[in-house]
Amino acid sequence: MPGFMKLLCVAIFCGITLSACGGGDASGDSAGSGSTTTAGTSTTSIATGTTSTGAGSTSTGTAGTSTTPSNSSSAVDAALPAEPQLPKIACTTLVANLKQTAGLLPASVDAGGANSNPDTARIQKAITSCAAGQAVRLVIGSDGQNAFLSGPLTLASGVTLWVDQGVTLFASRSPADFDKGDGNCGDAAGSGNSCNALITGRNTQNSGVVGDGAIDGRGGSVLTSGANAGKMTWWDVAMLNKSTGKNQNNPRLIQLFGGSDFTLYRIALQNAPAFHVVPSDVNGFTAWGVKLLTPTLAYSKQGYVCTAGTSPDPATPAASPSSCFTPDTTKNTDGIDPAQASNVLIAYSYFSGGDDNIAIKAHGSTASPSSAHRIVHNHFYYGHGMSIGSETDAGVNGVEIRDLTIDGHDSPNSVGIRIKSDDGRGGEVKDIRYQQICVRNVKEPMIFDPYYSSGNHTLIPDFHDITISGFHDTGSARYGGGVLTFNGYDLNGITNMLKISLDNVIFDSAPTLSNTRHNGGPTPPSNTQFTIGPGRVNFTIAPSASNNVTVATVQENSRQPVDCSQAFVPFPSSASPF
């Protein structure tokens, strides 16, 4: 079990119950001793006493009872700041009017585009009128109502949206509700920036989205307005990028522009039509105990086994709505993508989706670098792994990635860790540290590639001071040890060596070093300075004068491989198809 994971079993994962981690989030219409719930505007004090429990628990979530693996408490890792807490005061408590079953609203609720967002106005009114330091709380109704249906919402500074246990906030499936004015939302056209997000924060301070409920983007639901009404789902529209080459226009789940100290805590985020969370130009962003899952069982089959012809086709635009989805057919559903952000902490969270689980980006001629990121104690499943890039032209530095497990489930698109860019949006990426990484069932465990896509030779990638210390790949029945890509940049007289240290990097099955050129780059490995040790590296990297590859070996020590025997745990939700 890697690093701190040996101690994590002493407490329940904070995304289900607080247990030793803090106050309890009660389901239904009671928030603890002395609290009240009303459908109108009220100020409610919330009791948040702690309860000590043993390892492992069950909790009734939005799609039934889920079993939570033993996980973490902030007391375990003294290097982290204090764990976030649920709000003490709810300025307004809103009661659900709708019922969902097995993760879906009845189609009749918003058929034909009518009644597409019945809860938008009252939620927005509550947020706008709420005092800073308080929360708008969404709770279950007295007759089991457990769902809200909304169009775009704008968070106020200092205000938290609190989605209670058992409650789901669903997004509208009408593109007209999200359209910015050009009519392209829900279609593949224009620049691909035609939709507002479900939740937007602009220059907020100390705001957040928290609670043991869920926010669901309904990516697999049939659209009810626009050019593709009745013909496509959001994810069918996303696949048009592949089948037509045009830009998709789908709404993100949460988009932040500027601001500081934003918190995601214990919330489930699922079925986003596009990216789930994008904190852009934010100073201070924390995601703790988040469960991010796309697609859920509501839009798929157990094991993601979809019948032929029921999923989006990357070669042919959908003529009728697809009905079954997998992570490989939910295009561009990135997890959390911090962009030009600083002081970012993503901890004790779970990610499974159709693109990068996390991707750190930095773009813009006047943008600040992405810096001071800590990605610690997380679990990845389906997806494209832990990425930096593609946009790195504003610079990325000071990233710690520690105690990460990645189980790619042998997906053909599975990736472990990667830094990717090209010379149309490249920049300096430095001081990146990977520690205590466990990987299995992944096609490409490592990618360091400045030729990820075609560029225009204007913004040059430069990856250096990259350290991998404690990496253990336990293998894959389908891919063995997988394929590793190591490339520095060399074009038009400019050479930026990839400078990377490998320390205690072990593969139980022998990996293959990629030797496939792409996008105008040289044959890898190329233009790379390897430092090997002091921990053992059990695959061979040969120096090459012709490919400009050097290998320096540090005195080898006897350190044991990272213990991954108990690192891989089930995704903690009954909504998971795997």
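The shown structure was predicted, so the numbers you read here are calculated from the model rather than taken from an experiment.

## Description of the pairing of strand S16 (residues 260-265)
Along a regular strand, successive side chains alternate from one face of the sheet to the other.
Reasoning step 1: For strand S13 (residues 208-210) and S16, the ladder comprises three bridges, and the chain directions are parallel. Its bridge partner lying in S16, Val209 is registered against Leu264.
Reasoning step 2: For S16 and strand S19 (residues 283-288), the ladder comprises five bridges, and the chain directions are parallel. Note on S19: the bridge partner recorded for Phe262 is Phe285.

## Things to note about the sheet that holds strand S29 (residues 444-449)
Reasoning step 1: A sheet is described by the order of its strands in space; here six strands give the open sequence S23-S25-S27-S29-S31-S35, paired in parallel fashion. Every interior strand has two partners, whereas the edge strands, strand S23 (358-360) and strand S35 (512-513), have only one.

## What about the confidence of the model for the protein?
Reasoning step 1: Confidence along the protein averages 89 in pLDDT terms, with 87% of residues attaining 70 or more.
Reasoning step 2: The least confident element of the protein, judged by mean pLDDT, is strand S3 (residues 57-61) at 33; the most confident is strand S14 (residues 214-216) at 99.
Reasoning step 3: The low-confidence segment residues 1-43 (pLDDT under 50) makes 163 contacts with residues lying over four places distant or belonging to another chain.
Reasoning step 4: Overall, residues 45-74 carries pLDDT values under 50, and its contacts beyond four positions in sequence, including any with other chains, amount to 105 contacts.

## Points about the packing of aromatic side chains
Reasoning step 1: On inspection of all chains with the given rule, the structure shows 20 aromatic pairs.
Reasoning step 2: For the pair Trp288 and Tyr348, a centre-to-centre distance of 5.1 Å together with 50° between the ring planes defines the contact as tilted. Residue Trp288 is found in strand S19, and its partner Tyr348 is found in the loop between strand S21 (342-347) and strand S22 (350-352); the two are separated by 60 residues along the sequence.
Reasoning step 3: The buried category is assigned to Tyr348, whose relative accessible area is 1%.

## Considerations on the nonpolar core
Reasoning step 1: In terms of nonpolar packing, the biggest core is built from 91 residues, with Tyr434 and Phe448 touching the most fellow members.
Reasoning step 2: Residues within four places of Phe448 in sequence aside, it is in contact with Ile417, Ile419, Tyr434, Ile466, Ile468, Thr485, Phe486, Asn487, Leu498 and Ile500.
Reasoning step 3: Counting residues in each nonpolar core, the second largest holds 11 residues, with Leu86, Ala135, Val210 and Leu345 among its members.

## Looking at helix H4 (residues 234-244)
Reasoning step 1: Within H4, eight of the 11 residues are buried, which leaves the element mostly enclosed by the surrounding structure.
Reasoning step 2: Among the residues of H4, Trp234, Trp235, Asp236, Val237, Ala238, Met239, Leu240 and Ser243 are the ones counted as buried.
Reasoning step 3: Along its buried surface, H4 packs onto helix H3 (175-178).
Reasoning step 4: Among the residues trailing H4, Gly245 stands out with phi positive, at a value near 80°.

## As for the side chain of Asn378
Reasoning step 1: Considering the arrangement of structural elements, one finds Asn378 in strand S24 (residues 370-380).
Reasoning step 2: Residue Asn378 is classed as buried on the basis of its relative accessible area, which comes to 2%.
Reasoning step 3: One polar contact links the side chain of Asn378 to the main-chain amide nitrogen of Tyr348, over a distance of 3.2 Å.
Reasoning step 4: Apart from residues no more than four positions distant in its own chain, Asn378 is found in contact with Ile346, Ala347, Tyr348, Ser349, Phe351, Asp403, Leu404 and Thr405.

## Digging into the sheet that holds strand S15 (residues 254-257)
Reasoning step 1: Ordered in space as S9-S12-S15-S18, the four strands form an open sheet in which the pairing is parallel. The two strands at the open ends of the sheet, each matched to only one other strand, are strand S9 (153-155) and strand S18 (277-280). With direction set aside, neighbouring strand axes in the sheet form an average angle of 15°.
Reasoning step 2: Bridge analysis of S9 against strand S12 (residues 199-202) gives three bridges, and the strand direction is parallel. Note on S12: the bridge partner recorded for Thr154 is Thr200.

## Focus on the state of the cysteines
Reasoning step 1: Counting across every chain of the model gives four disulfides.
Reasoning step 2: Paired by a disulfide, Cys185 and Cys195 hold their sulfur atoms 2.1 Å apart. Residues Cys185 and Cys195 share a disulfide whose torsion about the S-S bond is about 115°; that sign makes it right-handed. Of this pair, Cys185 sits in the loop between H3 and S12 while Cys195 sits in the loop between H3 and S12, placing them 10 residues apart in sequence. For the residue pair Cys185 and Cys195, the accessibility class agrees, reading buried in each case.
Reasoning step 3: Note on cysteine connectivity: Cys306 is disulfide-linked to Cys324, with sulfurs 2.0 Å apart.

Conventions adopted
Residues numbered from 1 in each chain as written. Predicted model: local features only at pLDDT ≥ 70, side-chain atom pairs only at ≥ 80, totals over all residues. Heavy atoms only, no water. Pairing = 2+ DSSP bridges. Helix = DSSP H or I, 4+ residues; strand = E, 2+ residues; numbered from the N terminus. pLDDT = per-residue confidence, 0-100. Contact = heavy atoms within 4.5 Å. Phe/Tyr/Trp six-rings, centres within 6.5 Å; stacked < 30°, edge-to-face > 60°. Buried < 20%, exposed > 50% of the residue type's maximum accessible area, 1.4 Å probe, protein only. Core = buried A, V, L, I, M, F, W, Y, C linked by side-chain atoms within 4.5 Å. Polar contact = N/O pair within 3.5 Å; in protein donor to acceptor, adjacent residues only side chain to side chain. Axes fitted to C-alpha atoms, helices over the stretch in contact; angles between N-to-C directions. Disulfide = S-S within 2.5 Å.

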